[in-house]
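Observations on the model geometry
Take a look at the letters that make up each chain.
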Amino acid sequence: MFDRPADVPDTLKPPLHDETRQGEPLMIEHRAKYKGRKLYIESYGCAMNFADSEIVASIMLDLGFETTSQYKEADVIFINTCSIRDNAEQRVRNRLREFSAAKRKSPGMTIGVLGCMAERLKSKFLEEEKLVDIVIGPDSYRDLPNLINQADQGSRAVNVLLSREETYADISPVRLNSNGISAFVSIMRGCDNMCSFCVVPFTRGRERSRDPYSIVEEARELFNNGYKEVTLLGQNVDSYKWNQGNGEHGIENGTEVVGQRTANYQQLTTNFAQLLEMVAKINPDLRVRFSTSHPKDITDEVLHTMIKYDNICNHIHLPVQSGNSRVLDLMNRTYSREWYLERVDTIKKIIPDCAISTDVIIGFCTETEEEHRDTLSMMDYVKYDFAYMYTYSERPGTLAAKKFKDDIPQDVKTRRFNEILSKQQEVSHKRLLNHIGQTYRVLIDGLSKKSDQDFSGKTEYNITAIFPATGEHKPGDYVNVLIERCTPATLLGKIITN
Ligand code: SAM
Ligand code: SF4
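Residues numbered from 1 in each chain as written. Chains lettered and ligands numbered in written order. Predicted model: local features only at pLDDT ≥ 70, side-chain atom pairs only at ≥ 80, totals over all residues. Heavy atoms only, no water.

1. Focus: the overall build of the chain
Within the chain, the secondary structure is distributed over 14 helices and 24 strands. Its C-alpha radius of gyration of 23 Å places the chain within 12% of the 23 Å reference for a compact globule of 498 residues. For the chain, the C-alpha atoms occupy an extent of roughly 65 × 60 × 55 Å along the three principal directions. Counting only residues that meet the buried cut, the chain has 59% of its 498 residues in that class. About 21,100 Å² of surface is accessible on the chain, with carbon and sulfur atoms providing 49% of the total. Taking the average location of the 64 positive side-chain charges in the chain and that of its 71 negative ones, the two points are 3 Å from each other. (Helix = DSSP H or I, 4+ residues; strand = E, 2+ residues; numbered from the N terminus. Rg over C-alpha atoms; globule rule 2.2 N^0.38 Å. Buried < 20%, exposed > 50% of the residue type's maximum accessible area, 1.4 Å probe, protein only. Areas by Shrake-Rupley, 256 points an atom, 1.4 Å probe, with all protein chains shown as cover. Lys, Arg positive; Asp, Glu negative; His and termini not counted. Charge placed at Lys NZ, Arg CZ, Asp CG, Glu CD.)

In structure tokens:
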């Protein structure tokens, strides 16, 4: 029987926004290897932030730090923050109060605020939070050695410069709280869309894509180290685009050439579908996932690439935000209800068993009851496998904050939220019932949280399956699982040999 490894948390496969991972202490896998000053780091928000913390940890490791799970014993405390909704920021403020109390007892301690909230508030943070020493935005992590040095000398330090080029392509992230099976790989940073509700373009800067060869190398290295699943991350993966530097790499008369340019020369560009294929080709046993797809940009080429490779998981996270075209227009999502429905129909035509998940914003400015019902009917039509649902939270500086009044009363937002939530519970339960009697290839990611007699794993649709553990298998193995029953959110079954 497989024993639960020490120091590995229960949350073995973090989804895009995992409530259970918010604020957990992030530790380097083999922590005994390093002895040095102690870093305590915790992250809030999306998968991108968790991936960034791995870049930060890598830089700090090079500075001689080791990680600790106890912030009270740390020399440096980093909190990687999220600004997407007001309550995400309030959570960070509360946590900073606890860190500040620890610092009062150990004045030598350095507290650093990283990520989106640092970028949004900049040096104002130092005025508002008197015990914070370092404020560092998501594009400035290379400056950490300098900022730590300044803090060591008693100065407070800020670097919130955004970059048009930074992708940290050459920094090999150390894996934090890793199960050794699944990992996130950033393929791009920033966002050029201007959804009117969203703070991301202001906190993470302009969109830029990372060199595909460095992405493939990172994924290959993960596979060589025993990982079985990578999730390619970007705010809008479908607009991934890489032009070979200075055109020294291209195609001439159908042949790849390096270093020559003639009239027939065409610059080599890699788009998302091509990148997906490059990663899928690393090994058929490496599962490939990606997120987030934007409804205005997802191409049929991506769908055809998904169907061509068994190891690209048939799951698309396709945030709808609203089912009503007028609201979508106010949100500046640049697609309509009809456009979104066409994309869903095309996905289902090309990949009939594709799981689709979504994000919904409830109670956006001026949303009427009828428009809210359009979102409910969209959910009935698409039958999302799962959804992240949020009530609208006005963010300072965004287009919506400047142009529209946040005029839906909180009690109405809450009631609409509950209606959306129960609709989602109804449709996802129906979707789960459809899996009963099917056999799926499941990647075991650990023991079930409820029983160490059971394994937990994910189907390619990103749905958790629980089944009795056997001595022959271990986490990281693929097994065929016959689905026999389900709870409202989980599939239950047993391993079958063929
Ligand atoms: N880039 C992704 C996309 O366009 O779908 C989303 C990234 S955002 C980090 C994750 C989700 O947060 C969004 O899809 C949206 O549903 C939600 N969100 C963003 N701003 C929000 C706001 N001001 N109020 C409520 N929810 C918000
Ligand atoms: Fe925000 Fe829209 Fe960019 Fe997503 S696509 S990060 S919602 S601006």
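2. As for the site of ligand 1
Contacts to ligand 1 come from 15 residues, most closely from Q235, P319, Q321, D359 and S393. A distance of 2.7 Å is found between an oxygen atom of ligand 1 and a side-chain nitrogen or oxygen belonging to Q321. Summarising the interface, the protein chains cover 92% of the accessible area of ligand 1, which totals 570 Å² for the free molecule. Secondary structure elements with two or more residues in the shell around ligand 1: β18 (355–362) and β19 (386–391). (Near = heavy atom within 4 Å. Polar contact = N/O pair within 3.5 Å; in protein donor to acceptor, adjacent residues only side chain to side chain.)

3. Re the sheet that holds strand β17 (residues 315–317)
Strand order across the open sheet formed by 3 strands is β17-β18-β19, with parallel pairing between neighbours. Unpaired on one side and paired on the other, β17 and β19 mark the two borders of the sheet. Each strand of the sheet is rotated relative to its neighbour by a mean of 10°, with strand direction disregarded. (Pairing = 2+ DSSP bridges. Axes fitted to C-alpha atoms, helices over the stretch in contact; angles between N-to-C directions.)

4. A short note on the nonpolar core
L232, F272, V279, F290 and M306 are the most contacted members of the largest nonpolar core, which has 67 residues in total. Residue contributions to this core peak at 6 residues, all from helix α8 (residues 272–280). When near neighbours in sequence (up to four residues on either side) are disregarded, F272 contacts I187, L232, V237, D238, Y240, F290 and V302. One finds A57, M60, I134 and A157 within the second-largest nonpolar core, a separate group that totals 26 residues. (Core = buried A, V, L, I, M, F, W, Y, C linked by side-chain atoms within 4.5 Å. Contact = heavy atoms within 4.5 Å.)

5. What about the pairing of strand β10 (residues 229–233)?
Burial of β10 is extensive: 5 of the 5 residues sit out of reach of the surface. The alternating pattern of β10 places E229, T231 and L233 and V230 and L232 on opposite faces, both of which are buried. In the sheet, strand β7 (residues 182–186) pairs with β10 via 5 bridges, with the strands oriented parallel. Following the sheet pairing, S182 is matched in β10 by E229. As paired elements, β10 and strand β16 (residues 287–291) share 5 bridges and run parallel to each other. From the neighbouring strand, E229 faces β16, where its bridge partner is R287.

6. What about unusual backbone geometry?
Going from S291 to T292, the amide bond is cis rather than trans, its omega being 10°. Mapped onto the fold, T292 is located in the loop between β16 and α9 (300–308). Backbone geometry at Q321 places phi at a positive 70°, although glycine is not the residue there. Along the chain, Q321 falls in the loop between β17 and α10 (325–330). If you check the backbone angles, T366 has positive phi at about 65° while not being a glycine. Note that T366 resides in the loop between β18 and α12 (369–382).

7. Here we look at the site of ligand 2
Near ligand 2, the surroundings consist of C191, N193, C195, F197, C198, V200, P201, Q235, H294 and R333. Looking at side-chain class alone, the shell around ligand 2 contains 6 nonpolar, 3 polar and 1 charged residues. (Nonpolar A, V, L, I, M, F, W, Y, C, P; charged D, E, K, R; others polar.)

8. Topic: the packing of aromatic side chains
Taken as a whole, this structure holds 11 aromatic pairs when the rule is applied. Judged by centre distance (6.0 Å) and plane angle (70°), the rings of Y40 and F99 are edge-to-face. A residue pair is termed long-range when its members are at least 10 positions apart, and Y40 in strand β1 (residues 37–43) and F99 in helix α2 (residues 86–105) qualify at 59 residues. Each member of the pair, Y40 together with F99, is buried. Ring geometry for Y71 and F99: centres 5.0 Å apart, planes at 65°, overall edge-to-face. In this pair, Y71 sits in the loop between β2 (65–67) and β3 (76–81) while F99 sits in helix α2, placing the two residues 28 residues apart along the sequence. The pair formed by Y71 and F99 is uniform in burial state, with each residue classed as buried. Feature note: the residues F197, F364, Y392 and F404 constitute an aromatic cluster, connected by ring pairs. Here the guanidinium or amino end of R441 rests over the ring plane of Y478, the centre of that ring lying 3.8 Å away. (Phe/Tyr/Trp six-rings, centres within 6.5 Å; stacked < 30°, edge-to-face > 60°. Lys NZ or Arg CZ within 6 Å of the ring centre and 35° of its normal.)

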